[in-house]
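Take a look at the letters that make up each chain.
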Amino acid sequence: MLLSAFLSKRFRAYSGHKDEKNGFVSFIAKASTIGILLGVAVLIVALSVINGFEQQLVHRLLSVVPQVEYVAPSRPIANWSQKVEDLQTQPHVTGAAPFIAVNGMAQYKSQLKAIEIRGVEPSLESNVSAVNQFTSGKLVSQLGLDDVILGKQIVKQLDAKVGDNITLLIPQISQKGQSLLAPKRVTLNLAGVIEMGGPIDSTAAFIHLNKAQQTLGYDETQVTGLRLSVDDVFSAHQIALKVGQTIDDYVYISSWFRTQGSLYQDIQMVRTIVYIVVFLIIAVASFNIVSSLVMEVREKQGNIAILKTMGAKDSTILATFVMQGLMQAFVGVALGTLIGVVLALNISELFTWISQLFGANPLEGVYFIEFLPSKLVLEDIGITVIVTFVLAILATIYPAWQATRVDPAKVLGN
């Protein structure tokens, strides 16, 4: 093994010598190393960004949007306080709160904006939502009877500011004919602004539960839905179905998989595509190792023949060229991993700097975040390194085997 390592080192030294005629072989070898370097670096950065999006999905978006909801399709849910207490005792449920949800319009002066109005109980909302973390001014947990909290984009479109009086237009439905009546107009004080990033900022409006009940003609025990937070968001749908069996009212069961599930599926699909595409890039780079080693075996036939006449075993010749190919892969993997890790740890700052440089943020108003997140996972690095080395080993087998078949009599006889 030591002899093989020594021979591999000598062959590499002579391949890079200026007086050698196999400069093209050296170029192919370097190209394969660079290809592996780029493939490994790109894969580590891409997977870190995907992990970052998944982390932000769980800790940012899913901490604000409903994880589980039970919505009454016809008549309101009565005696909500007792039902919230019962739900909080169920397995895997970490919090419960009532709500009244209705679509409406927000008006300030001549500006109008469609919104999703949610009447919430301030003392309980923080049990199921982290919206307070993204709110400036009055928090949702501090909502007064005559307050409203709006998303940043709503406030921007209305050209309003905290302290202004905002008029909410809430549709009414007649009890007899189920026909639409003139909307009710409720004037409230803009007490806070939600700045989370993404679509929530352009739709969310929070008012006090009692105000929503008064506006819609409900009594204090009636709501249109109950909301839960769970200990495992990825099992939310199963938990919702199981816990929903304890509710006597006729309700629709909904989880975040229905409202945000496509986003999570997109993240997983992108992860799969990245794996496939980048590993194909690494495979192509590994194929270059095959090309460079095949040409080098032909260039070094005389050396191989001499080694064989001196008693070198086929296993020694095989190990020599396998090590030579693996050294190309090792350099690419080592540098690629280093570059990939450095970029992954600083990609968020780099993205922000580029956005400021060009004066445009491609994520603004599109996703639930307006920055490029990154989460480096050691398991991803390990998988990348292992798969790359496996491909490199497979790439070296055929050229190394060809080297063992060199016939000293034919080569030295010519």
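Residues numbered from 1 in each chain as written. Predicted model: local features only at pLDDT ≥ 70, side-chain atom pairs only at ≥ 80, totals over all residues. Heavy atoms only, no water.

The name given to the protein chain in an unreviewed UniProt entry is Lipoprotein-releasing ABC transporter permease subunit, with the source organism recorded as Pseudoalteromonas distincta. Under the UniProt heading Subcellular location (unreviewed entry), the entry covering the protein chain gives this text: "Cell membrane". Per its UniProt entry, the protein chain bears the Sequence similarities (unreviewed entry) comment "Belongs to the ABC-4 integral membrane protein family. LolC/E subfamily." (UniProt positions renumbered as here; feature names shortened; annotations may be inferred.)

1. Side note on the overall build of the protein chain
Assigned secondary structure in the protein chain consists of 12 helices and 10 strands. In the protein chain, buried positions account for 49% of the 414 residues. Taking the contacts inside the protein chain whose residues are at least 6 apart along the sequence as the reference set, 79% of them involve residues at least 24 apart. If you sum the accessible surface of the protein chain, you get close to 21100 Å²; carbon and sulfur atoms cover 59% of it. (Helix = DSSP H or I, 4+ residues; strand = E, 2+ residues; numbered from the N terminus. Buried < 20%, exposed > 50% of the residue type's maximum accessible area, 1.4 Å probe, protein only. Contact = heavy atoms within 4.5 Å. Areas by Shrake-Rupley, 256 points an atom, 1.4 Å probe, with all protein chains shown as cover.)

2. Describing the nonpolar core
Core analysis: the biggest nonpolar cluster contains 102 residues, and L150, I166, L168 and F206 have the highest contact counts within it. Setting aside residues no more than four positions away along its own chain, L168 makes contact with M105, A106, I115, I117, V148, K184, R185, V186, L188 and I207. (Core = buried A, V, L, I, M, F, W, Y, C linked by side-chain atoms within 4.5 Å.)

3. A closer look at the packing of helix α8 (residues 256–299) against helix α11 (residues 378–404)
Their axes nearest at 9 Å, the elements α8 and α11 cross at an angle of 25°. The angle between α8 and α11 falls in the class roughly parallel. In this structure, α8 crosses over α11, and the sense of that crossing is right-handed. A class-by-class count of the residues in the contact of α8 with α11 yields 17 nonpolar, five polar and one charged. (Axes fitted to C-alpha atoms, helices over the stretch in contact; angles between N-to-C directions. Parallel < 35°, antiparallel > 145°, perpendicular 65-115°, else oblique. Left-handed = near helix turned anticlockwise from the far one by under 90°. Nonpolar A, V, L, I, M, F, W, Y, C, P; charged D, E, K, R; others polar.)

4. Regarding the packing of aromatic side chains
Evaluation of the coordinates by the stated rule reveals four aromatic pairs. For the pair W256 and F257, a centre-to-centre distance of 4.1 Å together with 25° between the ring planes defines the contact as stacked. In this structure W256 comes out as buried when scored by relative accessible area, which is 0%. With a centroid separation of 5.7 Å and 20° between ring planes, the pair formed by Y275 and F279 is classed as stacked. You can see Y275 and its partner F279 sitting in helix α8, four residues apart, about one turn around the helix. For the pair shown, Y275 and F279 are each scored as buried. Taken together, the aromatic side chains of F234, W256 and F257 make up a single cluster linked through ring pairs. In this structure, R118 packs its charged tip against the face of F99, placed 4.2 Å from the ring centre. (Phe/Tyr/Trp six-rings, centres within 6.5 Å; stacked < 30°, edge-to-face > 60°. Lys NZ or Arg CZ within 6 Å of the ring centre and 35° of its normal.)

5. Considering the side chain of T215
With respect to the helices, strands and loops of the structure, T215 is situated in helix α6 (residues 209–216). Taking relative accessible area as the criterion, T215 reaches 6% and is therefore assigned buried. Polar contacts involving the side chain of T215 include one to the main-chain carbonyl oxygen of K211, which spans 2.8 Å. T215 has contacts with I170, Q172, K184 and V186, leaving out every residue within four places of it along the chain. (Polar contact = N/O pair within 3.5 Å; in protein donor to acceptor, adjacent residues only side chain to side chain.)

6. Description of the pattern of salt bridges
Under the criterion given, the structure shown has eight salt bridges. Taking the shortest distance from any N to any O, the salt bridge between R271 and E54 comes out at 2.8 Å. Here R271 is found in helix α8, whereas its partner E54 is found in helix α2 (residues 23–61), with 217 residues between them in sequence. Here R271 matches E54 in class, with each residue buried. Notably, a salt bridge pairs K211 with D146, separated by 3.3 Å at the nearest N-O pair. Highlighted residues: K211 in helix α6 and D146 in the loop between β4 (135–137) and β5 (147–151), separated in sequence by 65 residues. Of the residues examined, K211 reaches a relative accessible area of 12% and is grouped as buried. For D146, a relative accessible area of 45% puts it in the partly exposed group. (Salt bridge = Lys/Arg side-chain N within 4 Å of Asp/Glu carboxyl O.)

7. Thoughts on the pairing of strand β2 (residues 93–108)
Most of β2 sits inside the fold, with 12 of its 16 residues counted as buried. As defined by bridge partners, β2 adjoins strand β9 (residues 225–230) across six bridges and the pair is classed as antiparallel. For A97, the partnering residue across the bridge sits in β9 and is R227. Both β2 and strand β3 (residues 111–120) contribute to a ladder of 10 bridges, which runs antiparallel. Bridge pairing in β3 links F99 to V120. Here β2 folds back onto β3 in antiparallel fashion, the turn holding two residues, of which K109 has a positive phi close to 60°. (Pairing = 2+ DSSP bridges.)

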